[in-house]
Amino acid sequence: MYLFYSFFKSLVGKDVVVELKNDLSICGTLHSVDQYLNIKLTDISVTDPEKYPHMLSVKNCFIRGSVVRYVQLPADEVDTQLLQDAARKEALQQKQ
């Protein structure tokens, strides 16, 4: 879990799309993330404003980590090789 926390911390200031378990997708700038993977977004918009018109007036939001289904990241910001290596190292440490 710590791997994901440190990874998301490195993406602060980047634009992401957070898909929630209730199918709401929120686009915004990642402002902060904590050890529970709670996410704070700024300058948000929803991908389906017709379905969620009440979200049009919301500019910033806090998302509880337990309701997140996916986080879409900018492809050019993700070093997949580094992430895979870190995941392997963490998996080996947990086996010991």
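Rules used throughout
- Each chain has its residues counted from 1, running along the sequence as written.
- A pLDDT threshold of at least 70 governs which residues receive local features in this predicted model, and a stricter bar of 80 or more applies before side-chain atom pairs are shown or counted, although totals over entire chains, interfaces and linings include all residues.
- The side-chain quantities take in all heavy atoms of the structure and omit both hydrogens and water.
- A run of H or I in DSSP counts as a helix once it spans at least four residues, and a run of E counts as a strand once it spans at least two, with each numbered from the N terminus.
- Should any heavy atoms of two residues lie within 4.5 Å, those residues are considered in contact.
- Definition used in this section: a nonpolar core is a set of buried Ala, Val, Leu, Ile, Met, Phe, Trp, Tyr and Cys residues joined via side-chain atoms within 4.5 Å.
- Accessible area is worked out with a 1.4 Å probe on protein chains only. A residue is then buried under 20% of its type maximum, exposed over 50%, and partly exposed in between.
- Between any two strands, at least two bridges found by DSSP are needed for them to pair.

An account of the side chain of Thr-42 is needed here, citing residue identities and associated values.
One can find Thr-42 in strand S3 (residues 39–46). Leaving out residues up to four positions away in the same chain, Thr-42 has contacts with Gly-28, Thr-29, His-31, Lys-59 and Asn-60.

So what's going on with the nonpolar core? Residues and values would help.
Within soluble globular proteins, side chains that are nonpolar tend to cluster in buried spots. Residues Val-18, Ile-26, Ile-39, Leu-41 and Ile-63 are the most contacted members of the largest nonpolar core, which totals 20 residues. Among the elements of the structure, helix H1 (2–9), strand S1 (15–20), strand S2 (25–33), S3 and strand S4 (61–63) are those that each provide at least two residues to this core. Ranked by residue count, the leading element in this core is S3, at 4 residues. Ignoring sequence-local partners within four residues, the contact set of Ile-26 consists of Val-16, Val-17, Val-18, Leu-20, Leu-41, Ile-44, Ser-45, Val-46, Met-55, Cys-61 and Ile-63.

Describe the pairing of S1, listing the residues and the values that go with them.
Burial of S1 is extensive: 5 of the 6 residues sit out of reach of the surface. As paired elements, S1 and S2 share 5 bridges and run antiparallel to each other. For Val-17, the partnering residue across the bridge sits in S2 and is Cys-27. A loop of 4 residues connects S1 with S2, the two strands running antiparallel in sequence, and Asp-23 in this loop sits at a positive phi of about 75°. Of the strand pairs in this sheet, S1 and strand S5 (residues 68–72) are connected by 4 bridges, and their pairing is antiparallel.

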